[in-house]
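# Chain and residue survey
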Amino acid sequence: MFNAPRLAQRYGSTPINGLGGSYVDENPLAVSIYDDPWSTAPSPSPPPVNTTTSVFSSVIADAAVPETYHSAFAAVDTTNSGEVSVSALSRVLATSLLPAATIDRIVNLVSSKPRVSKLEFFVALALVALRQSGKDISIEQVAALGAENNLPIPSLNLDALQPSASAFTTPYSTYRQNTVRPSPASYTTEDPWNIPRRGSVTGSPDINPPRSATTINGASSTLSGSGLPRDWWRKQETVIVTIQGQQGHLLNRHTVYEISTERGLPVHRRYSEFAFLWDCLVRRYPFRLLSALPPKRLQPDAAFLEQRRKGLARFLNSVINHPVIKEDGLLSIFLTEPSFEMWRKHNAVALEEESTSKRVDRIEEMSIPSDLEEKLAVVRGKMNPLIEQWQKICVLTERIIKRRESAAVWVSPNLRPTYMPAHSIFPFWSNLLLNVHGIPAPVSPISGSGHSVRIDGSFEPDVSDDQADLARLTNVLRVVVEVNERCWRGDDCELCDGVRMGIGRIAEHTQQQSDLLEQRTHTLLQSTLESLKSQRDLYIAMRDLFVRHDRLAGDNAERLKKRVDSNSMKLEGIKAAQRDGWEEDADRVVVLIEKDQATIASLLNRRVFIRASMWHELRVVLHNRENALLSKLVQTLVHEEQAFVDSILANWVSLGDAVDEMPFE
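### A look at the nonpolar core
Counting residues in hydrophobic clusters, the biggest one holds 35 residues, and the most contacted among them are L89, V92, L93, F121, L125 and L127. Breaking this core down by element, the ones donating at least two residues are helix 1 (51-60), helix 2 (67-76), helix 3 (86-94), helix 4 (100-110), helix 5 (118-132) and helix 6 (139-147). Looking at this core, the element that brings in the most residues is helix 5, giving nine residues. Those residues in contact with V92, other than ones at most four positions away along the chain, are A72, V76, F121, L125, L156, L158 and L161. Listed in part, the 34 residues of the second largest apolar core include F276, C280, V282 and W343.

Next up, the structure:
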């Protein structure tokens, strides 16, 4: 039912006032090729196919993967991202007790990038099993065994798997979003679905008989007051969205997302159900700040699905913390009902604007500033520049994080087929090229070259070309220790033993350094970067609010007033003439006048409500969130970076103490 065509949107697609298009006036199910659906830059070409992944897909083919493979991958893929770092792969392979040189060779055979996919991870385990059985390490042998559906099982001691040393603690206070939950509300007539506004933790609401589609949300208006409660930024609810995989047949294939909140047990939703929720909310709350949905794409790749998952999480986190929308009954059902599809079959959803059931009292109306239009005009003029600059901040931040993820070793694409990429060159400062003013020089991409050239003429590898991080250096150092295990003198050599022990300590140091960088990068990507994108989404939502306001705030009250005046004059003429049956004609005209007057009163109340809503969204929602949440983001980032630097310093101090005793003669 969710794949059926949706009703046409009330919002057109023509930009107004130069604000540009938005996902509010476009179908969120439309096809898109954006990697970042909210980018203000021109749409890039679809990402190229990952040839490495496709090669290993043919290696394993349709072979049954042993349970040991899945267990080993799950032990290091704690975030269910479908990929792990080279450091994590090296730790797993180290439990096989194979020589460091063998492990280093396997790691470089399966991947030349900082991250390792699940297929590459499985191929590495198959290579380990081959070596443990005394056979040569060969991708061709793995492919042959995969064709026979007989992948070898490696001997791994996962219980002895060394945990990542990157779980550093911070001596500074953290700024986690502590959620304060009110007790579940009882059933009231104000709720159109007769459901609690907070889902029960112990069970889901009973499915009620179908209701009329004209049912409205009769919650009273709360526009007056001081805005938000004290320390509201510490009490934000958090929604976690994870990908559960693909379901359905070939023609009805769809991605299933798991939504976890403090309102109840996790529930599973598909994208079309997100789109249904968004469509209902934007119809019921057209004059509220409502984040856009990420778009749909035909045959999406894993990278797009991950971007969309994050976008869906940001959307839910924005509406669940909106002071008005968070109380919506349909939102509560979406977050708690086990089967949203079954619930929709038994319940009709109201789509009337909230202005039809809410009224602004006299005190609230008087609190609206007389220069509201001027204030809104100032904000309107800032939206496009703010969106553009915050988009740049998000892009640049992600680039910085990606470069930080690995100590890159860049090799010319022409040399990669011939030489092992992990051992060719070590330009540790290649990502720190500066111009004459000490500022990183801008980058201009060269199509098809596999790298970028700066405006000043120097070259820089793309993030996708980053190779060989600290984990690879760790493996190389361990190989050096193994090779130098015996001295040519034949007897105990204190000089060789001391230097070898020092190199071993350096390998331990680089391993810990890699773990620290991996953990910090993960936090920056999953927390800091998403907070920056939420800030950008807030301004996009405000721009979309202006678009909806321009399209929907108009009415025909003035025309109705003229018709009332015309009918009043007509009524006076009927009464003056008093022809046969004039009483019936007069009554008919009176009914028309009264109907128009009631409509005019409703439209005037709607005008006041729209002004009150825009003032509320500007004063309470936008002004508070754009400032308080940014302060929280900056403070958290600084404190976490301080803790990270302290951990890095402690690691170097520990290494310095260990190598001070290395002999010279």
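### A short note on helix 4
A large share of helix 4 lies buried, amounting to eight of its 11 residues. All buried positions along helix 4 are accounted for by A100, T102, I103, D104, I106, V107, N108 and V110.

### Considerations on the packing of helix 7 (residues 271-284) against helix 8 (residues 302-319)
Packing of helix 7 against helix 8 leaves a shortest axis separation of 12 Å and a crossing angle of 35°. The two elements helix 7 and helix 8 meet at a crossing, and its hand is left-handed. Between helix 7 and helix 8, the residues in contact are Y271, F274, L277, W278 and L281 and R308, L312, F315, L316 and V319, respectively. Of the residues contributing to the contact of helix 7 with helix 8, the split by class is nine nonpolar, no polar and one charged.

### Description of the packing of aromatic side chains
Enumeration over the complete set of coordinates arrives at nine aromatic pairs. Relative to F122, the ring of F73 has its centre 6.3 Å away and its plane inclined at 70°; by these criteria the two rings are edge-to-face. Of this pair, F73 sits in helix 2 while F122 sits in helix 5; the two residues are 49 residues apart in sequence, bridging distant segments of the chain. Accessibility assignment for this pair places F73 and F122 in one class, buried. Measuring from ring centre to ring centre gives 5.4 Å for F334 and F340, while their planes differ by 85°; the resulting arrangement is edge-to-face. When its relative accessible area of 0% is taken as the criterion, F334 is described as buried. Grouping aromatic residues by their ring pairs yields a cluster made of Y257, F274, F276, F334, F340 and W343. The cationic tip of R269 hangs over the ring face of F334; the distance from NZ or CZ to the ring centre is 5.3 Å.

### Some details on the packing of helix 15 (residues 557-577) against helix 16 (residues 582-659)
Two elements in contact, helix 15 and helix 16, have axes separated by 9 Å at closest approach and are oriented at 160°. Our classification of the angle between helix 15 and helix 16 gives roughly antiparallel. The handedness of the crossing between helix 15 and helix 16 is left-handed. In the contact of helix 15 with helix 16, the residues fall into 13 nonpolar, four polar and eight charged.

### Re the pattern of salt bridges
Considering all chains together, one arrives at 29 salt bridges under this definition. Between D550 and R380 there is a salt bridge, with the nearest N and O atoms lying 3.0 Å from each other. Residue D550 is found in helix 14 (residues 494-552), and its partner R380 is found in helix 12 (residues 372-405); the two are separated by 170 residues along the sequence. D550 gets classed as partly exposed once you look at its relative accessible area, which sits at 29%. Salt-bridge contacts for E508 lead to R505; the nearest nitrogen and oxygen are separated by 3.3 Å. Of this pair, E508 and R505 both sit in helix 14, separated by three residues, roughly a single helical turn. When its relative accessible area of 47% is taken as the criterion, E508 is described as partly exposed. Overlapping salt bridges bring together R288, E354, K358 and E617 as one network.

### Here we look at the sheet that holds strand 4 (residues 254-260)
Pairing within the open sheet is antiparallel, and its three strands lie in the order 3-4-5. With one partner strand each, in any of the chains shown, strand 3 (240-247) and strand 5 (267-270) form the two edges of the open sheet. Across the sheet, the mean angle separating the axes of adjacent strands is 30° when strand polarity is ignored. As paired elements, strand 4 and strand 5 share four bridges and run antiparallel to each other.

### A few points about unusual backbone geometry
Phi angles above zero are rare outside glycine, and L97 is one such case at about 65°. In this structure, L97 sits in the loop between helix 3 and helix 4. Given the relative accessible area of 75%, L97 is considered exposed. Unlike most non-glycine residues, N149 shows phi in positive territory, near 55°. Of note, N149 is situated in the loop between helix 6 and strand 3.

Definitions and cut-offs
Residues numbered from 1 in each chain as written. Predicted model: local features only at pLDDT ≥ 70, side-chain atom pairs only at ≥ 80, totals over all residues. Heavy atoms only, no water. Core = buried A, V, L, I, M, F, W, Y, C linked by side-chain atoms within 4.5 Å. Buried < 20%, exposed > 50% of the residue type's maximum accessible area, 1.4 Å probe, protein only. Helix = DSSP H or I, 4+ residues; strand = E, 2+ residues; numbered from the N terminus. Contact = heavy atoms within 4.5 Å. Axes fitted to C-alpha atoms, helices over the stretch in contact; angles between N-to-C directions. Left-handed = near helix turned anticlockwise from the far one by under 90°. Nonpolar A, V, L, I, M, F, W, Y, C, P; charged D, E, K, R; others polar. Phe/Tyr/Trp six-rings, centres within 6.5 Å; stacked < 30°, edge-to-face > 60°. Lys NZ or Arg CZ within 6 Å of the ring centre and 35° of its normal. Parallel < 35°, antiparallel > 145°, perpendicular 65-115°, else oblique. Salt bridge = Lys/Arg side-chain N within 4 Å of Asp/Glu carboxyl O. Pairing = 2+ DSSP bridges.

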